[in-house]
Amino acid sequence: NAGVMQNPRHLVRRRGQEARLRCSPMKGHSHVYWYRQLPEEGLKFMVYLQKENIIDESGMPKERFSAEFPKEGPSILRIQQVVRGDSAAYFCASSPGQLRGYTFGSGTRLTVV
Amino acid sequence: AQSVTQLDSQVPVFEEAPVELRCNYSSSVSVYLFWYVQYPNQGLQLLLKYLSGSTLVKGINGFEAEFNKSQTSFHLRKPSVHISDTAEYFCAVSDAGGTSYGKLTFGQGTILTVHP
């Protein structure tokens, strides 16, 4: 049973480009959480999704950031018109239920140049 | 709202010595508590968790933690560390009542460095 798969592991984008981060949850997990880790900081919650639904996006920046978890395929975190401050590690976690515990992926490290 | 404070940003220790990483939390509701470990350029791995029951929780790699409700603490301990324990450790809390959908609030992290 593969773990939570995130790709790419490393992503370099120029300012103004779009970044698309993918997360494939563990088999049987229908709950996905995205977290961001800025340099020298802890992880901060961004968004919680179930299949085809955004349940809680209280941690998402109001502009340029969006997330989806379609019926088929991975969850996508999309950042439009990236800026240097978006440089961070983005982690996805999946769970079979809200209070059932998480499994984290290895993260995508985004560098904006 | 919840918050987590890890009292030490860095903890250096010699191999085979005991170690304690401190974590305090603040919450107006009952909580679940977690410790995660992050090795360089990797994701987070769950060390242990407190959901209910015994306040002394044992986890992987010889780590344990004790939940102290009166002091709102959840300190992580290991009686004898190994070089391979060098990593960053995160304490996290979630709302036990489920109103926050299971999302975690993390502390700032403690970098444990084990010296030979």
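Residues numbered from 1 in each chain as written. Chains lettered and ligands numbered in written order. Predicted model: local features only at pLDDT ≥ 70, side-chain atom pairs only at ≥ 80, totals over all residues. Heavy atoms only, no water.

Undergrad: How would you summarise the overall build of chain A if you had to cite specific residues and measurements?
TA: Scanning chain A for helices and strands turns up zero helices and eleven strands. For chain A, the N- to C-terminal ordering of α and β elements is β-β-β-β-β-β-β-β-β-β-β. Its C-alpha atoms give chain A a radius of gyration of 13 Å, near enough to 13 Å, the size a compact globule of 113 residues would have. Overall, the C-alpha framework of chain A stretches about 35 × 25 × 25 Å when taken along its three principal axes. Out of the 113 residues in chain A, the part that is buried amounts to 46%. (Helix = DSSP H or I, 4+ residues; strand = E, 2+ residues; numbered from the N terminus. Rg over C-alpha atoms; globule rule 2.2 N^0.38 Å. Buried < 20%, exposed > 50% of the residue type's maximum accessible area, 1.4 Å probe, protein only.)

Undergrad: Describe unusual backbone geometry, listing the residues and the values that go with them.
TA: Residue and element names in this part refer to chain A. Of the consecutive residues Asn 7 and Pro 8, the connecting peptide bond is found in the cis state with omega at -5 degrees. Unusually for a residue other than glycine, Gln 81 sits at a positive phi of about 50 degrees. Looking at where Gln 81 falls in the secondary structure, it is placed in the loop between β8 (75–79) and β9 (88–95).

Undergrad: Break down the pairing of strand β2 (residues 10–14) of chain B for me, with residues and values.
TA: Residue and element names in this part refer to chain B. Only one face of β2 is covered, namely the one carrying Val 11 and Val 13; the face carrying Gln 10, Pro 12 and Phe 14 has none of its residues buried. As paired elements, β2 and strand β12 (residues 110–115) share five bridges and run parallel to each other. Paired with Val 11 across the strands is Leu 112, a residue of β12. (Pairing = 2+ DSSP bridges.)

Undergrad: I'd love a proper account of the pattern of salt bridges, names of residues and values included.
TA: Tallied over the entire structure, the rule returns nine salt bridges over all chains. Residues Asp 56 of chain A and Lys 103 of chain B are paired through a salt bridge, measuring 2.9 Å at the closest nitrogen-oxygen approach. You can see Asp 56 of chain A sitting in strand β6 (residues 53–56) and its partner Lys 103 of chain B sitting in the loop between β10 (87–95) and β11 (105–106), one on each of two chains. A single burial state applies to Asp 56 of chain A and to Lys 103 of chain B, both of which are buried. Shared partners join several salt bridges into a network, and the residues in it are Glu 18, Arg 20 and Arg 78 of chain A. (Salt bridge = Lys/Arg side-chain N within 4 Å of Asp/Glu carboxyl O.)

Undergrad: Kindly report on the state of the cysteines, identifying the contributing residues and their values.
TA: One pass over the full model with this rule turns up two disulfides over all chains. Covalent S-S linkage joins Cys 23 of chain A and Cys 92 of chain A, the inter-sulfur distance amounting to 1.7 Å. Judged by the sign of its S-S torsion, about -50 degrees, the cystine formed by Cys 23 of chain A and Cys 92 of chain A is left-handed. Taken together, the residues Cys 23 of chain A in strand β3 (residues 19–24) and Cys 92 of chain A in strand β9 connect sequence positions 69 residues apart. Exposure remark for Cys 23 of chain A: the relative accessible area of 0% places this residue in the buried category. The disulfide that involves Cys 23 of chain B links it to Cys 91 of chain B, with 2.0 Å between the sulfurs. Disulfide Cys 23 of chain B-Cys 91 of chain B: the torsion about the S-S bond is -65 degrees, which places it as left-handed. One end of the pair, Cys 23 of chain B, is in strand β4 (residues 23–26); the other, Cys 91 of chain B, is in strand β10, with 68 residues separating them in the sequence. Residue Cys 23 of chain B is classed as buried on the basis of its relative accessible area of 0%. (Disulfide = S-S within 2.5 Å.)

Undergrad: For the environment of Thr 105 of chain B, give the residues involved together with the corresponding values.
TA: Residues and elements named next belong to chain B. Tracing the backbone shows Thr 105 in strand β11. According to the relative accessible area criterion, Thr 105 is partly exposed, its value standing at 25%. Sequence separation between Thr 105 and Ser 54 is 51 residues, and the spatial gap between their C-alpha atoms is 23 Å. Here Thr 105 is in contact with Gln 2, Ser 3, Val 4, Cys 91, Ala 92 and Val 93, once residues within four sequence places are set aside. (Contact = heavy atoms within 4.5 Å.)

Undergrad: How would you sum up the interface of chain B and chain A? Please name residues and give values.
TA: With 19 residues of chain B in contact, the opposing surface of chain A contributes 21 residues. Buried surface at the junction of chain B and chain A, both sides included, amounts to about 1700 Å², of which 54% is carbon and sulfur. At the boundary of chain B and chain A, one finds six residue pairs in polar contact (both at pLDDT 80 or more). The biggest single contributor to the side of chain B that touches chain A is strand β5 (residues 31–38) of chain B, with three residues. (Buried area = accessible area lost by both parts, 1.4 Å probe. Polar contact = N/O pair within 3.5 Å; in protein donor to acceptor, adjacent residues only side chain to side chain.)

Undergrad: Can you break down the side chain of Arg 109 of chain A residue by residue, with the values?
TA: If you trace the backbone, Arg 109 of chain A turns up in strand β11 (residues 108–112). Here Arg 109 of chain A occupies a buried position and makes no salt bridge, while the nearest side chain of opposite charge, Glu 88 of chain B, is found at 9.2 Å. Engagement of the side chain of Arg 109 of chain A in a polar contact is seen with the backbone oxygen of Ser 106 of chain A, the distance being 3.0 Å. Within polar-contact distance, the side chain of Arg 109 of chain A engages the backbone oxygen of Gln 42 of chain B at 3.4 Å. Residues contacting Arg 109 of chain A, with those up to four places away along its chain left out, are Arg 9, His 10, Leu 11, Ala 88, Ala 89 and Phe 91 of chain A together with Gln 38, Asn 41 and Gln 42 of chain B. (Lys, Arg positive; Asp, Glu negative; His and termini not counted.)

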